[in-house]
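# Coordinate analysis (summary)
Listed below, chain by chain, are the residues.
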Amino acid sequence: MRLKGADMVMECLLEQGVDTVFGYPGGAILEIYDSLYKYKDKIQSILTSHEQGASHAADGYARATGKVGVCMATSGPGATNLVTGIATAQMDSIPIVAITANVTLPLLGRDSFQEIDITGITMPITKHNFIVKKIEDLAPTIRKAFKIAREGRPGPVLVDITKDVTAGYGEYEKEEINITLNRETSLDDDKNYQESLEKAVELIEESKKPFIFVGGGIKASNATDELKRFAEIIDAPVADSLMGKGGFDGNSERYTGMLGMHGTKASNLGVSRCDLLIAIGTRFSDRVIGNASTFASNANIIQIDIDEAEINKNIHVDLGITGDAKYILKKLNLMLKKQCNTEWMEEIKTLKNKYPMKYNKDILTGPYVIEKIEECLGDDTIICTDVGQHQMWAAQYFHYKKPRQFISSGGLGTMGYGLGASIGAKYGNPKSTVVNIAGDGCFRMNMNELATASRYNVPIIQVILNNKVLGMVRQWQTFFYEGRYSDTVLDDQVDFCKIAEGLGCKAVRVTRTDEVEKALLEAASYKGPFVIECMIQEDDKVFPMVAPGKGLDDTFDQDDI
C-alpha cells in the first residue's frame, strides 16, 4: 500500500505496540505531527513543556512498563534538547526510541535554519542511531531501531528523518512484530558456557559465606522470581545497587539494603566479609565499590551480565558468565544442591540489628517523609526521584517489593529527571499511585513540566524536600571542603507553592511532622497533580557514607562523627 512517509511512521509505531509518545512539534517534524493528529484515536501524543521533559517521560514510561518509550522532537535545538534524556537512558540501559526530523535532503550540510547533525552528536550516547534519507529505508529503519533498543542490553536508539522523507510517498507493507522480550537464547551446546555454569556451582557449593549483589539487569531480564529462588537455594543475603531497587523484596529477611557510598553498614560490611560475591546485572560503578583495591578482598567473585564488555571492566572477577540473568539463574537453580549457611546468615542478622537505619524523629526530615509516603500511600507506590540527598533517602527508607517500582537516574545522575519521568510512569501505569520526590535544587530545573501534568490533569504527587541548599553538594562541602559553601545556598524568594498553583496544580506547604500525613492523604484523593513542599533543615545528612577513595569497610554514620 502506498503511504505518506509520516503515516508510515505511525503505522510502524503501531506495529511495535506503541500507544503513547511524548514530544514537542516544530517546523521539520510538522508532517509527523500532522499524522499524529490523524492517528490520535490509536496513539496519544503528550505535549511536554520542553523536549528534555519528553525524553525523561519516555524513559520513565519505559522503566515503569518494560516497553520501549518513544519521544519526538524537531530539528536543531529541539533535537539537542533531547540529548540529556538520551544520555540518561544510555547510562541506565533503558530502551527508548527518539524520533527527530531534520531539514530536507538538499539542505543537509549547508548550515540551514535549525539544521544540526544530531546523529553525530548522539553517537556516543546511543546504542545505535540512524539518519533516513530515502523513503524506502524508513519502515525497515524504524523496525530495526525498536529491535536494537529492546534486545540484549537495552538502550536508546535515535532515528533522524529528513523532512522530504516524511512528506514523500512510498510503498508500505505491514509486518507482524513479536515485541515479547525473550533473551533466553539457548547456549546448552556451548561447551565453554556449560563449563562456566559448572564452575559457578562448584564455587557456590564450596562457599560458607556467599553474598548476592544485584543491579538493574535483574529487572531488565524479568528475573526476580529466579533470583528469589536462587537466594533460597544457596542460603545467602542479598544487597542491591540503586538501579537494582525492587529486584529483590525489600521486606525479605535476606535483604540487607543498598551497597556502596550510601549503602547500609550491613551490606557494606557483609560484602567485605563474604567469601563469595555473586554479582548479577551490575557494572560495579565507582559509587558502589569504593576503593577498588579493597572491594570484596576476601571473596571469589562471580559476575553475571548480558554485556560481555562489563566483565572485568571495573573489578577483576574470578568467573564471568555472559548471558541473560533469567536464563542463567534458571540453569543454576536446577544444577545446585540446597545449601545451609546458618552461621553466616546469623552474622548478617547481627549486623542488621547492630546497624539499623536511623534518623532524628523529633523534627521534619527527608527520611520521615519517605517513611510516611510508604505508610500512607502503600508499599506498591511507584517512586520517582531526582538526584541528591532525597534520592538516597528514597532508596534507603522505602521498602521496594517489586521491580519497576523505583525510577531514578542512576548512572548519569540527572538533576531535573524525576518530574518528566513520573508523568511517563503514570501514563504507563495509570492505576498506580506515582510520586516524584525532588530536592528544591533539582525541582527548579524542570518544574515547567507541572504545566504538562496540569494540561492533561495527570494525577501525580510531587514532593519537594526543600532545605534551601544543594543538599548533597553541601554535605560534601561540609565533610571535605571545610564548610566552604560555594554557590550551594538557595535561600531566595522563590515560592514553589505559588509556582505550582500558577501552573495549574494544587499545592500545600508542610513544616511539621504532624502535617505530613494529612497532606499525603489529601494528595492521594485529589483528581489531578498535587505538590507537597516539605521544609527540612539545611544540614540534614545522608548516612551511612563512605568517603571518596575509602573502602566499604570504612563506612561511617552519625554515631562515628
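Right above here is the structure, for reference.
Fair warning: this is a prediction, and the values are worked out from it, not measured in the lab.

## Remarks on the overall build of the protein
Looking only at helices and strands, the protein has 23 helices and 20 strands in total. Compactness check: the protein gives a C-alpha radius of gyration of 24 Å against a globular reference of 24 Å for 561 residues, within 12% of the reference. When each of the 561 residues of the protein is scored for burial, the buried share is 58%. Intrachain contacts of the protein at a sequence separation of at least 6 include 76% that bridge at least 24 residues. With the model as given, the accessible surface of the protein reaches about 22700 Å², and the carbon-plus-sulfur share is 48%. Of the charged side chains in the protein, 62 are positive and 77 negative, and the gap between their average positions amounts to 2 Å.

## Considerations on the nonpolar core
Ranked by size, the top nonpolar core spans 45 residues in total, and within it F22, I407 and F443 carry the most contacts. It is helix α3 (residues 51–65) that contributes the most residues to this core, six residues altogether. The next biggest cluster of nonpolar side chains, apart from the first, holds 37 residues, and it includes V21, A101, A139 and I142.

## Remarks on helix α23 (residues 516–525)
For α23, every residue scored as buried is listed here: V516, A519, L520 and A523. Projection of α23 onto a plane perpendicular to its axis shows the buried side chains occupying an angular sector of 95 degrees, all on one side.

## Focus: the sheet that holds strand β2 (residues 20–24)
Taken in spatial order, the six strands make up an open sheet running β3-β2-β4-β5-β7-β6, and their pairing is parallel. Pairing within the sheet leaves two strands with one partner each, and these edge strands are β3 (44–47) and β6 (128–132). Across this sheet, the average inter-strand angle for adjacent strands is 20 degrees, counted without regard to direction. The sheet contact formed by strand β5 (residues 96–102) and strand β7 (residues 157–162) spans six bridges and is parallel. Of the residues in β7, the one forming a bridge with T100 is D160. Lying over the sheet, helix α1 (residues 5–15) contacts β2, β4 (69–73), β5 and β7, oriented at roughly 165 degrees with respect to β4. Each of β2, β4 and β5 is contacted by α3, which is oriented at about 170 degrees to β4, the strand it contacts most.

## Let's talk about the pattern of salt bridges
Where side chains of opposite charge bring their charged atoms close, a pairing between them can arise. Considering all chains together, one arrives at 33 salt bridges under this definition. Here K541 ties to D539 by a salt bridge, and the two come within 3.8 Å at their closest N and O atoms. On the accessibility criterion, D539 (36% relative accessible area) is partly exposed. Three or more residues joined by partner-sharing salt bridges are found here, namely R153, D307, E310 and K313.

## What to know about the sheet that holds strand β17 (residues 434–439)
Spatially, the six strands line up as an open sheet ordered β16-β15-β17-β18-β20-β19, and their pairing is parallel. Strands at the two margins of the open sheet, each flanked by one partner only, are β16 (406–407) and β19 (506–510). Where β19 meets strand β20 (residues 530–535), five bridges bridge the pair, whose relative direction is parallel. Note on β20: the bridge partner recorded for V508 is I532.

## A word on the environment of G439
Tracing the backbone shows G439 in strand β17. Classification of G439 by relative accessible area gives buried; the value is 10%. Placed 30 residues apart in sequence, G439 and V469 show a C-alpha to C-alpha distance of 8.8 Å. Leave out the neighbours within four places in its chain, and G439 touches H390, I464 and L465.

## Concerning the packing of α1 against helix α7 (residues 138–150)
Relative orientation of the contacting elements α1 and α7 amounts to 30 degrees, with a least axis distance of 10 Å. The two elements α1 and α7 cross, and the hand of that crossing is right-handed. Residue-level inspection shows G5, M8, V9, C12, L13 and E15 of α1 in contact with α7, the latter providing L138, A139, I142, R143 and F146. Looking at the contact of α1 with α7 residue by residue, the classes come out as eight nonpolar, one polar and two charged.

About the cut-offs
Residues numbered from 1 in each chain as written. Predicted model: local features only at pLDDT ≥ 70, side-chain atom pairs only at ≥ 80, totals over all residues. Heavy atoms only, no water. Helix = DSSP H or I, 4+ residues; strand = E, 2+ residues; numbered from the N terminus. Rg over C-alpha atoms; globule rule 2.2 N^0.38 Å. Buried < 20%, exposed > 50% of the residue type's maximum accessible area, 1.4 Å probe, protein only. Contact = heavy atoms within 4.5 Å. Areas by Shrake-Rupley, 256 points an atom, 1.4 Å probe, with all protein chains shown as cover. Lys, Arg positive; Asp, Glu negative; His and termini not counted. Charge placed at Lys NZ, Arg CZ, Asp CG, Glu CD. Core = buried A, V, L, I, M, F, W, Y, C linked by side-chain atoms within 4.5 Å. Arc of directions from axis to C-beta. Pairing = 2+ DSSP bridges. Axes fitted to C-alpha atoms, helices over the stretch in contact; angles between N-to-C directions. Salt bridge = Lys/Arg side-chain N within 4 Å of Asp/Glu carboxyl O. Left-handed = near helix turned anticlockwise from the far one by under 90°. Nonpolar A, V, L, I, M, F, W, Y, C, P; charged D, E, K, R; others polar.

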